[in-house]
Amino acid sequence: MQEHFTTDAAETISAGMALGDPKHIEGRPFAVVPEGATVHDLEHLRHNPQRKRGTVALRDTDSFIAVVNADKGSSTRLYGNYVKPGFMAVFNDHGDMPGWQDHRAVYECPKSIEWATWTSSNGKQMSQVDFAQFIENNLPDVADPPAADMLEISRSLEAKKKVNFASGIRLANGQNELTYEEEISGTAAKGKLQVPEIFTLGIPVLEGGHRYAVQARLRYRIQDGGRLTIWYELVRPHKILEDAVHAVWTEIQDKTGMQVLNGSV
């Protein structure tokens, strides 16, 4: 009886190999592949793939919208993320029928060079010389006070690198006044240097995006020996980034006519 079953199985396998056609159980295709047989995918021999697949990465909002409008269909879904800013279109997502979810377009909201520069040094304590050089290198990003005033402040800080700072007070006009002592011709002389408590940047958040007014608070600390340490703290930069992403979110919805879902695949 066992031998008869084995012979039937062998005949079934041989017949299946001869036919070469997949079978179906409740609509799901299957094929019997005996040990030693190899299955080859011959799609690469066609002039075109059987279906669209793959992921295209875009660098700006307009390009992402253009690709979505060109390839969107009834099974397309759009996803967005505020925490890790970015957007994804899945053109063959699950809809009325299950989808492969492997035909996609992504836009990862790359940050502008200006935003990366100022956020990477946010809260970083510097010597007055390093701070002065940083301001001079990025002077075009400063919207208020005027660039000429900020340049004068940075050069004053650099020029006073050998003085001993004694104290600092906040004035009614919003400036910080730093008092210092320096030796001139063997005589100790006192002086004062005013720096703004708050200055404002005008920089794009996203690559190729609109400029935003970003406030920065100037901080300083007078160390033992009169050495000055100075830095800045951006005012709620996460909310500015969130607003920039929200603007892109709204633009994508308006120009594609599709809802962007808060999530990911």
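Please refer to the structure higher up on the page.
Residues numbered from 1 in each chain as written. Predicted model: local features only at pLDDT ≥ 70, side-chain atom pairs only at ≥ 80, totals over all residues. Heavy atoms only, no water.

Trainee: What is the right way to look at the overall build of the protein chain in this model?
Mentor: Secondary structure summary: the protein chain contains six helices and 15 strands in total. The buried share of the protein chain, reckoned over its 265 residues, is 35%. Accessible surface for the protein chain amounts to roughly 16900 Å². Of this, 50% is attributable to carbon and sulfur atoms. (Helix = DSSP H or I, 4+ residues; strand = E, 2+ residues; numbered from the N terminus. Buried < 20%, exposed > 50% of the residue type's maximum accessible area, 1.4 Å probe, protein only. Areas by Shrake-Rupley, 256 points an atom, 1.4 Å probe, with all protein chains shown as cover.)

Trainee: How should the sheet that holds strand β6 (residues 103-107) be read in this particular structure?
Mentor: Consider a sheet: its strands pair through backbone hydrogen bonds, and that pairing is either parallel or antiparallel. Within the open sheet, the five strands sit side by side as β3-β6-β5-β4-β15. Their pairing is mixed. Both outer strands of the open sheet, β3 (54-58) and β15 (260-262), are each paired with one neighbouring strand and no more. Within the sheet, the average angular offset between the axes of one strand and its neighbour, ignoring direction, is 25°. Both strand β4 (residues 77-81) and strand β5 (residues 86-90) contribute to a ladder of five bridges, which runs antiparallel. By the bridge assignment, L78 is partnered in β5 with A89. Against the sheet, helix α2 (residues 61-71) engages β3, β4, β5 and β6, with an angle of about 160° to β6. (Pairing = 2+ DSSP bridges. Axes fitted to C-alpha atoms, helices over the stretch in contact; angles between N-to-C directions. Contact = heavy atoms within 4.5 Å.)

Trainee: Would you mind going over the pairing of β5 with me for this structure?
Mentor: Side-chain positions along a regular strand alternate between the two faces of the sheet. In terms of burial, β5 is largely enclosed, as five of its five residues are buried. Judged by which residues are buried, β5 turns out to be covered on both faces: G86, M88 and V90 on one side and F87 and A89 on the other are all buried. Relative to β6, β5 runs antiparallel, the two being bridged by four bridges. Looking at the pairing, F87 lines up with Y107 of β6.

Trainee: In this structure, what is going on with the nonpolar core? I would like to understand it.
Mentor: Where a protein is soluble and globular, its nonpolar side chains tend to be buried together. Of all hydrophobic cores here, the largest spans 51 residues; its most connected members are F64, F87 and Y232. The biggest single contributor to this core is helix α6 (residues 237-256), with seven residues. Discounting chain neighbours no more than four positions away, the residues touching F87 are F64, Y79, G80, A105, V106, Y107, C109, V245, V248, W249, I252 and V260. (Core = buried A, V, L, I, M, F, W, Y, C linked by side-chain atoms within 4.5 Å.)

Trainee: Just checking my understanding: could you explain the packing of helix α4 (residues 128-137) against helix α5 (residues 147-159) for this structure?
Mentor: Two quantities define a packed helix pair, namely the angle between the helix axes and the distance between the axes. Remark: α4 packs on α5, axes separated minimally by 8 Å, with the N-to-C direction vectors making an angle of 155°. One element, α4, and the other, α5, form an angle in the roughly antiparallel class. Like other packed secondary-structure pairs, α4 and α5 cross with a definite hand, here left-handed. Along the contact surface, α4 presents Q128, V129, F131, A132, Q133, I135 and E136, while α5 presents M150, L151, S154, R155, L157 and E158. For the contact of α4 with α5, a count of residues per class yields seven nonpolar, three polar and three charged. (Parallel < 35°, antiparallel > 145°, perpendicular 65-115°, else oblique. Left-handed = near helix turned anticlockwise from the far one by under 90°. Nonpolar A, V, L, I, M, F, W, Y, C, P; charged D, E, K, R; others polar.)

Trainee: Even after reading the chapter, I still don't get the environment of L157, so can you show me in this structure?
Mentor: Residue placement: L157 occurs in helix α5. Not counting chain neighbours up to four residues away, the residues in contact with L157 comprise Q128, F131, A132, L193, L228 and I230.

Trainee: Sorry, what's going on with the side chain of H103 here?
Mentor: With respect to the secondary-structure elements, H103 resides in strand β6. Residue classification places H103 among the buried residues on the basis of a relative accessible area of 10%.

Trainee: What exactly am I supposed to notice about empty space enclosed by the protein here?
Mentor: The rolling of a water-molecule-sized probe over the atoms marks out the regions of remaining empty space. Across all of its chains, the model carries one cavity of 30 Å³ or more by this definition. The volume enclosed by the largest cavity comes to roughly 50 Å³. Residue lining of the largest cavity: F131, I135, M150, I153, S154, L157, P196, F199 and L218, and that is the complete set. Listing elements by their share of the lining of the largest cavity, those giving two or more residues are α4 and α5. For the lining of the largest cavity, the leading source of residues is α5, giving four residues. In terms of residue class, the lining of the largest cavity is made up of eight nonpolar, one polar and no charged. (1 Å grid on protein atoms, 1.4 Å probe; cavity = no way out; pocket = protein on both sides within 12 Å on 5 of 7 lines; lining within 4 Å. Points joined across faces, edges and corners; volume = space filled by probe spheres on them.)

Trainee: Where do I start with the pattern of salt bridges in this structure?
Mentor: Opposite charge on two side chains permits pairing when their charged atoms draw close. Enumeration over the complete set of coordinates arrives at six salt bridges. Across the salt bridge formed by D102 and R51, the nearest N and O atoms sit 2.9 Å from each other. Of this pair, D102 sits in the loop between β5 and β6 while R51 sits in the loop between β2 (28-30) and β3, and the two are 51 residues apart along the sequence. In this structure D102 comes out as partly exposed when scored by relative accessible area, which is 24%. Residue E207 pairs with R59 through a salt bridge whose shortest N-O separation is 2.7 Å. Residue E207 is found in the loop between β12 (198-204) and β13 (211-222), and its partner R59 is found in the loop between β3 and α2; the two are separated by 148 residues along the sequence. (Salt bridge = Lys/Arg side-chain N within 4 Å of Asp/Glu carboxyl O.)

Trainee: Can you help me understand unusual backbone geometry in this one?
Mentor: Glycine aside, a negative phi is what most residues show, and trans is what most peptide bonds show. With omega at 0°, the peptide bond leading from D144 into P145 counts as cis. Its place among the elements puts P145 in the loop between β8 (142-144) and α5. Residues other than glycine seldom take positive phi values, yet C109 does so here, at roughly 50°. Relative to the helices and strands, C109 resides in the loop between β6 and α3 (113-120). Overall, the relative accessible area of 0% leaves C109 in the buried class. With a phi angle near 45°, R236 is a residue other than glycine that sits in the positive phi range.

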